[in-house]
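The chain contents come next:
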Amino acid sequence: DMQAKIEKEPANINYRRHLANLYASRKEFGKAIDALEAAQTAAGGRDPQVDAAISSMKLNQFEHAIETLEAAGDQAAAEAKRAEQAAFQFANLASRVERYPNDLPLRFEYGVALFERDNLNDAIQQFQMASRSPAERIRAMHYIGQCFHRKKQYDMAADQLSKTAAEIPTM
């Protein structure tokens, strides 16, 4: 049914997303990714939501492969696949931040990834940009304080965390 709808309205990316979800429910991640990439092409190649869906689908594909390897008892290959997944996730975040520089929640997510890799100066930069988003502000400010703490700049960390605490709404 979805294929027929796509043929009638090839520019409708929602049909392609739905088709991708159907493929994913059947664990056919390659076809799901193809459907999402076709949706991205139909959207002119610059839809951040479709881009995020493609990334998510690729991560689901990694998870499925890891589960399959673990079920087969191949722990070494599963660990190698986990490392490959982590490398993909980080590189993908970096490229999406480059493509969508005004996506502040994405900058926050990238900042967390940098923080986890102890790339503190770049993480601070990402958190400072993410703090312009009301939804991410308090968490970003908290992470900035944590970055300063890891850098052993305790006075700056205390100052940042005090500012963060002052912005938390009271109940």
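Residues numbered from 1 in each chain as written. Predicted model: local features only at pLDDT ≥ 70, side-chain atom pairs only at ≥ 80, totals over all residues. Heavy atoms only, no water.

> Got a minute to help me understand the nonpolar core in this structure?
Soluble globular proteins: nonpolar side chains tend toward being buried together. If you look at the biggest cluster of nonpolar residues, it comprises 19 residues, and the most contacted ones within it are F108, F115, A123, F127 and C147. Where this core is concerned, the elements lending two or more residues are helix 5 (75-99), helix 6 (104-116), helix 7 (120-130) and helix 8 (137-150). Top contributing element to this core by residue count: helix 6, with 7 residues. In this view, F127 contacts F108, G111, V112, F115, A140, Y143, I144 and C147; residues no more than four positions away in its chain are not counted. Judged by nonpolar contacts, the second largest core, of 16 residues, contains I13, L19, A20 and A35. (Core = buried A, V, L, I, M, F, W, Y, C linked by side-chain atoms within 4.5 Å. Buried < 20%, exposed > 50% of the residue type's maximum accessible area, 1.4 Å probe, protein only. Helix = DSSP H or I, 4+ residues; strand = E, 2+ residues; numbered from the N terminus. Contact = heavy atoms within 4.5 Å.)

> What exactly am I supposed to notice about the packing of aromatic side chains here?
Aromatic ring pairs are defined here through the distance separating the ring centres and the angle between the ring planes. Counting across every chain of the model gives 6 aromatic pairs. Ring geometry for F108 against Y143: centres 5.7 Å apart, planes inclined by 70°, an arrangement best described as edge-to-face. Taken together, the residues span a long stretch of sequence, with F108 in helix 6 and Y143 in helix 8 at a distance of 35 residues. Owing to a relative accessible area of 7%, F108 belongs among the buried residues under this scheme. Overall, Y143 belongs to the partly exposed group, its relative accessible area being 23%. Measuring from centroid to centroid gives 5.1 Å for F115 and Y143, while their planes differ by 80°, and the two rings are edge-to-face. With F115 in helix 6 and Y143 in helix 8, the pair connects residues that are 28 residues apart, well separated along the chain. (Phe/Tyr/Trp six-rings, centres within 6.5 Å; stacked < 30°, edge-to-face > 60°.)

> Can you help me understand helix 5 in this one?
If you check helix 5, its first and last C-alpha atoms are 36 Å apart, about what 25 residues at 1.5 Å a residue would give, namely 36 Å. Looking at the buried positions of helix 5, the neighbouring elements they touch are helix 4 (48-71), helix 6 and helix 7. (Expected span 1.5 Å × (residues − 1).)

> What's the story with helix 9 (residues 154-167) in this structure? I'm lost.
Residues that lie three or four places apart on an α-helix share one face, since the helix turns once every 3.6 residues. Look at helix 9: 20 Å from first C-alpha to last across 14 residues, which is about the 20 Å you get at 1.5 Å a residue. Listed as buried for helix 9 are A157, Q160 and T164. Down the axis of helix 9, the sector holding all buried residues measures 70°, keeping them to one side. Facing away from the buried side of helix 9, by more than 90 degrees, are the exposed residues D155 and A166. (Arc of directions from axis to C-beta.)

> Honestly, the environment of A39 in this entry has me stumped. Any pointers?
Positionally, A39 belongs in helix 3 (residues 29-42). For A39, a relative accessible area of 0% gives the class buried. Taking C-alpha positions, A39 is 7.0 Å from R17, a pair spaced 22 residues apart along the chain. In contact with A39, other than residues within four places in its own chain, are I13, R16 and V50.

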